[in-house]
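# Analysis of the macromolecular model
Listed here are the chains, written in short residue letters.
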Amino acid sequence: MLGPGDWIDAALTVLATETIDAVRVDVLAKRMNVTRGSFYWHFEDRDDLLGRLLEHWRKTTTERVIERFTLGSNSPGEMLKGLLALPYHGRTAAHASSVEMAIREWARRHEAARLVVAEVDNQRLGYIAQCFTALGCSLSEARHRADIFYATLIGQSILGTQILESQIEERLRMLGQLFVDSATGPKHPA
């Protein structure tokens, strides 16, 4: 029997390959080879689905990622390097990137999505800034580094599939030096 998660997964697939306008009950039911009645067993309407889709995205791409890195025994530097490696995790990363871009496009046109994207960005930036603060950066420097780090991370998730497998290790080493090693190195007066 299908549950709400099945509908959300189907909606994410449609969103990632088409647009938010294509995420409709009839389209999803047809793709899943079920009746529309099954949808209404789990959701009030399309808006309910879209709201839960945004919550699912927030939880899986932000809250669970932060939790996974926080609960590990990694240092802040290792956590940041781990985040930099996320765009290179094969098909999972490619799908996550497609969903990320589709949700950001959706947010350009719809207020509810825009609000969730802004909250997610703030949560991600806050976590990254905390890591830089733990490395010894001032609050101001940590915020600036977090902004640049996050922009690079989003860019890498979009461009990551265009790098040869043999170049990934070198890219990650260089990004680690640029962001993490330089944050933990000797501080120079301004």
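Heads up: these notes are all about the structure in this document. (Residues numbered from 1 in each chain as written. Predicted model: local features only at pLDDT ≥ 70, side-chain atom pairs only at ≥ 80, totals over all residues. Heavy atoms only, no water.)

The residue asparagine 33 is not glycine, and still its phi comes out positive at about 60°. What makes asparagine 33 exposed here is its relative accessible area of 71%. (Buried < 20%, exposed > 50% of the residue type's maximum accessible area, 1.4 Å probe, protein only.)

Right, let's get into helix H6 (residues 90–109). Over its 20 residues, H6 extends 30 Å from the first C-alpha to the last, a length consistent with the 28 Å expected when each residue adds 1.5 Å. When H6 is considered as a whole, its buried residues turn out to be Ala93, Ser97, Val99, Glu100, Ala102, Ile103, Trp106 and Ala107. Looking at the buried side of H6, the elements it contacts are helix H1 (4–17), helix H4 (46–71), helix H7 (111–134) and helix H8 (139–159). (Helix = DSSP H or I, 4+ residues; strand = E, 2+ residues; numbered from the N terminus. Expected span 1.5 Å × (residues − 1). Contact = heavy atoms within 4.5 Å.)

Under the defined criterion, the tally for this structure stands at 15 salt bridges. In this structure, the salt-bridge partner of glutamate 55 is lysine 59, at a minimum N-O distance of 3.8 Å. Of this pair, glutamate 55 and lysine 59 both sit in helix H4, four residues apart, which is roughly one turn of that helix. For glutamate 111, the salt bridge is made with arginine 114, and the minimal N-O distance between the two is 3.0 Å. On the criterion of helical spacing, the pair formed by glutamate 111 and arginine 114 is a turn pair, its members being three residues apart in helix H7. Judged by relative accessible area, which is 35%, arginine 114 ranks as partly exposed. One network of salt bridges, with partners in common, ties together Glu55, Arg58, Lys59 and Glu119. (Salt bridge = Lys/Arg side-chain N within 4 Å of Asp/Glu carboxyl O.)

Another point: a nonpolar patch on the surface. Taken together, Met101, Ile158 and Leu159 make up a surface patch of nonpolar side chains, about 250 Å² in accessible area. The residue isoleucine 158 is located in helix H8 in this model. (Patch = residues over 30% accessible without salt bridge, like charges linked within 9 Å, V, L, I, M, F, W, Y side chains within 5 Å. Areas by Shrake-Rupley, 256 points an atom, 1.4 Å probe, with all protein chains shown as cover.)

With that settled, consider the packing of helix H5 (residues 76–85) against helix H9 (residues 165–184). Following both chains from N to C, one finds H5 and H9 inclined at 140°, their axes separated by 10 Å at the closest point. Comparing the axis directions of H5 and H9 gives the class oblique. Crossing hand, H5 versus H9: right-handed. Residue-level inspection shows Gly77, Leu80, Lys81, Leu84 and Ala85 of H5 in contact with H9, the latter providing Leu172, Leu175, Gly176, Phe179, Val180 and Asp181. Across the contact of H5 with H9, the residue classes break down as seven nonpolar, two polar and two charged. (Axes fitted to C-alpha atoms, helices over the stretch in contact; angles between N-to-C directions. Parallel < 35°, antiparallel > 145°, perpendicular 65-115°, else oblique. Left-handed = near helix turned anticlockwise from the far one by under 90°. Nonpolar A, V, L, I, M, F, W, Y, C, P; charged D, E, K, R; others polar.)

Here we take up the nonpolar core. Where a protein is soluble and globular, its nonpolar side chains tend to be buried together. Counting 30 residues, the largest nonpolar core has Trp7, Leu15, Val23, Leu28, Leu49, Ile103 and Trp106 as its most contacted members. For this core, the elements supplying multiple residues, two or more each, are H1, helix H2 (25–32), H4, H6 and H7. Sort the elements by how many residues they give to this core and H1 lands first, with seven residues. Beyond its immediate sequence surroundings of up to four residues, isoleucine 103 is in contact with Leu15, Leu53, Leu54, Trp57 and Val117. Judged by nonpolar contacts, the second largest core, of 24 residues, contains Leu84, Tyr127, Ala142 and Tyr150. (Core = buried A, V, L, I, M, F, W, Y, C linked by side-chain atoms within 4.5 Å.)

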